[in-house]
Amino acid sequence: LDHLTPWDRGGHTRPDNLAPLSRRWHRAKTLAGHTNTVDPRSGILTWTTRLGQTIKTAPYDWRLGP
C-alpha cells in the first residue's frame, strides 16, 4: 500500500489515503511526478501526468478472472 498524499506533505495513514500500487505505478508517482486521487466509492484511481493528461485505473476484480 502506498500513500496517495505523501506523509511529508500532510498525508495520513488511513484507508482513504492508501492505494495498492505496483512497483511500476509507485515509481511513476515518485520518480516521474505523477499525482493521483481515488474515488472512495468506486476505488478508481485517477492519475494526472506532469503534462496534465489523465489516466484512470480501476481496481482488479479477482472474480472476473485474468
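To start, this report covers the structure provided alongside it. Since the structure is predicted, the reported quantities are computational estimates derived from the model, not experimental observations.

1. With respect to the overall build of the protein chain
Thought 1: Along the backbone of the protein chain there are 1 helix and 5 strands.
Thought 2: Taken from N to C terminus, the helices and strands of the protein chain fall in the order β-β-α-β-β-β.
Thought 3: In terms of overall dimensions, the protein chain has a C-alpha envelope of 35 × 30 × 20 Å along the principal axes.
Thought 4: Among the 66 residues that make up the protein chain, the fraction classed as buried is 21%.
Thought 5: A sequence separation of at least 24 residues applies to 16% of the contacts in the protein chain between residues at least 6 apart.

2. Some words on the pairing of strand β3 (residues 35-38)
Thought 1: For β3 and strand β4 (residues 45-48), the ladder comprises 4 bridges, and the chain directions are antiparallel. Bridge assignment links Thr35 to a residue of β4, and that residue is Thr48.
Thought 2: Hairpin connection between β3 and β4: a loop of 6 residues separates the two successive antiparallel strands, and Gly43 in this loop has a positive phi of roughly 80°.

3. Let's talk about the pattern of salt bridges
Thought 1: This model, assessed by the stated rule, comprises 1 salt bridge.
Thought 2: In this structure, Lys29 engages Asp2 in a salt bridge whose closest nitrogen and oxygen atoms are separated by 2.7 Å. In this pair, Lys29 is assigned in helix α1 (residues 23-32) and Asp2 in strand β1 (residues 2-3), connecting sequence segments 27 residues apart. Asp2 matches Lys29 in its accessibility class, with the two residues each being buried.

The rules we used
- Residues numbered from 1 in each chain as written.
- Predicted model: local features only at pLDDT ≥ 70, side-chain atom pairs only at ≥ 80, totals over all residues.
- Heavy atoms only, no water.
- Helix = DSSP H or I, 4+ residues; strand = E, 2+ residues; numbered from the N terminus.
- Buried < 20%, exposed > 50% of the residue type's maximum accessible area, 1.4 Å probe, protein only.
- Contact = heavy atoms within 4.5 Å.
- Pairing = 2+ DSSP bridges.
- Salt bridge = Lys/Arg side-chain N within 4 Å of Asp/Glu carboxyl O.

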